[in-house]
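# Descriptive structure summary
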Amino acid sequence: MASLKELKLRIASVKSTQKITKAKQMVAAAKLRKAQAAAEAARPYSERLEAVVASLAGKISVSAASPKLIAGTGADDTHLLIVANSDRGLCGAFNANIVKAAMLAAREMIGEGKKVKFYLIGRKGRAVISRAFPNQIIGSYDTTTMKEPSFDHAQAVAADILARYEAGEFDVAHLFFSTFKSALAQVPTQQQIIPVAIPADAPATADATVEYEPDEESILTDLLPRNVSIQIFKALLENSASEQGASMTAMDNATRNAGDLINRLTIEYNRSRQAAITTELVEIISGAEAL
Amino acid sequence: MALHFELVTPEKLLRSEDVYQVVVPGTDGDFGVLEGHAPFMSTIRDGEIRVFANASAEAEIIPVIGGFAEVNEKGLTVLAEKAG
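The model shown is predicted, which means the values in this text are computed figures rather than measured ones.

What follows concerns the sheet that holds strand 1 (residues 78–84) of chain A. For sheets, the rule is that strands pair by backbone hydrogen bonds, running either parallel or antiparallel. Residue and element names in this part refer to chain A. Overall, mixed pairing links the five strands, which are arranged 3-2-1-4-5 in an open sheet. Each edge of the open sheet carries a strand with a single partner, namely strand 3 (137–141) and strand 5 (186–194). Taking each pair of neighbouring strands and ignoring which way they run, the sheet shows an average axis angle of 25 degrees. Running over the sheet, helix 6 (residues 216–290) touches strand 1, strand 2 (115–121), strand 4 (172–180) and strand 5 and is turned about 35 degrees from strand 4.

To continue, consider the interface of chain A and chain B. With 24 residues of chain A in contact, the opposing surface of chain B contributes 24 residues. Summed over both partners, the interface of chain A with chain B comes to about 2100 Å²; 60% of that surface belongs to carbon and sulfur atoms. Ranking the residues of chain A by area buried against chain B places Tyr45(A), Arg48(A) and Glu213(A) at the top, with a combined share of 32%. Here chain A is connected to chain B by three salt bridges. Between Arg226(A) and Glu81(B) there is a salt bridge, with the nearest N and O atoms lying 2.9 Å from each other. There are seven residue pairs in polar contact (both at pLDDT 80 or more) connecting chain A and chain B. Those elements that provide at least two residues to the side of chain A that touches chain B are helix 1 (4–59), helix 5 (151–166), strand 6 (211–213) and helix 6 of chain A. Pairing between strand 6 of chain A and strand 5 (residues 40–44) of chain B: three bridges, direction parallel. Among the inter-strand pairings, Tyr212(A) is bridged to a residue of strand 5 of chain B, identified as Met41(B).

Counting residues in hydrophobic clusters, the biggest one holds 46 residues, and the most contacted among them are Ile82(A), Ile161(A), Ile194(A) and Ile232(A). Listing elements by their share of this core, those giving two or more residues are helix 1, helix 2 (68–71), strand 1, strand 2, helix 5, strand 4, strand 5 and helix 6 of chain A. If one sorts the elements of this core by residue count, helix 6 of chain A sits on top with eleven residues. If we skip the residues at most four places from it in the chain, Ile82(A) touches Tyr119(A), Ile121(A), Ile161(A), Ala173(A), His174(A), Leu175(A), Phe176(A) and Ile193(A). Leu3(B), Phe31(B), Val51(B) and Leu76(B) belong to the second largest nonpolar core, which has 19 residues in total.

Overall, the coordinates contain 15 salt bridges over all chains when judged by the stated rule. Across the pair Lys114(A) and Asp76(A) runs a salt bridge, and its minimum N-O distance is 3.5 Å. Taken together, the residues Lys114(A) in the loop between helix 3 (94–111) and strand 2 and Asp76(A) in the loop between helix 2 and strand 1 connect sequence positions 38 residues apart. Classification of Asp76(A) by relative accessible area gives partly exposed; the value is 37%. In this structure, Lys82(B) and Asp152(A) form a salt bridge, with 3.0 Å as the shortest nitrogen-oxygen distance. In this pair, Lys82(B) sits in strand 8 (residues 75–83) while Asp152(A) sits in helix 5, so the two residues belong to two different chains. On the basis of relative accessibility, which here comes to 41%, the residue Asp152(A) falls in the partly exposed class. One salt-bridge network, in which partners are shared between bridges, spans Asp76(A), Glu112(A) and Lys114(A).

Moving on, we get to the pairing of strand 5 of chain A. Residues and elements named next belong to chain A. Looking at chain direction, strand 4 and strand 5 are connected through eight bridges and run antiparallel. Across the sheet, the residue bridging to Phe-177 is Thr-189, located in strand 5. Once strand 4 ends, the chain turns through five residues before running back antiparallel as strand 5.

Here is what the cut-offs are and how they apply
Residues numbered from 1 in each chain as written. Chains lettered and ligands numbered in written order. Predicted model: local features only at pLDDT ≥ 70, side-chain atom pairs only at ≥ 80, totals over all residues. Heavy atoms only, no water. Pairing = 2+ DSSP bridges. Helix = DSSP H or I, 4+ residues; strand = E, 2+ residues; numbered from the N terminus. Axes fitted to C-alpha atoms, helices over the stretch in contact; angles between N-to-C directions. Contact = heavy atoms within 4.5 Å. Buried area = accessible area lost by both parts, 1.4 Å probe. Salt bridge = Lys/Arg side-chain N within 4 Å of Asp/Glu carboxyl O. Polar contact = N/O pair within 3.5 Å; in protein donor to acceptor, adjacent residues only side chain to side chain. Core = buried A, V, L, I, M, F, W, Y, C linked by side-chain atoms within 4.5 Å. Buried < 20%, exposed > 50% of the residue type's maximum accessible area, 1.4 Å probe, protein only.

Laid out in structure tokens, this is it:
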């Protein structure tokens, strides 16, 4: 059995860990509310943009001459996996889940004889991916200076990716992030962003005679890059809400575990203290009896 | 006789109100939108949106960067990358 002093130190150490996890939990709860509000505020824009892109895309016929973002490059060889992670830990399996989903998809694509490249957003996940797929990370975006996702960051990422697309570095781009369901549930999600996936059941708005200025195709060419930025922005927002949610749950568990551990250690401490007293008493009494 | 006007940026819904007239800087030139405007869609250039709360009011000026404007039966929606 550990000595009294060791037990005391152990209890103190677990208590200070508990303080940290509790603080982190409360910080995450406060940040979660903010991140959720930001995600909700961004919804009207992306919903409308999606509706407009879908209705426009339904109107023009896709041919080789259409914008590359809709028609694709004509090949399906190289896939770019854009993996959005966070910069910090202490959020349970949040990052691991996203990375796992991305690597699973990557293995599947490689199995189908396709080439896979990675583009990473955020710091976490880099080590794992670079170990599993060395030399396949073609770029990354540093978010360590970013306090909360802003559209400027999303635009910077989108510009980088679009430039690589124009340069022919890849044919299809998928985005991996975590969709925020609730503080308890975050779902790793895969979404194809290039070329734009046109919903088959695009709402038929053709009945209204809408005038376009300039023509449909120029508007679409203008809108598609914006659509990529907004999809990335949405992913960043979902991610930041998910991260805080995961962090809150993980830290809540950690705090509770620390509490259990403290209880156990305290009982052990009291037992050994009582045992020590009993031994001392036995010694004194047997000494007195011997006289 | 009011035009429903919405100004949306990626970060939030900036305006949603009934106004008299809005002048939007379209790529091919400014255009004014009153209530009952025909369905219309245009990209916008960097410039200023002028909002008239009523026929006699002074214009309220909102600078916008990049985006597009859509007019449908529900009113005018401006999706801008940056505004205000």
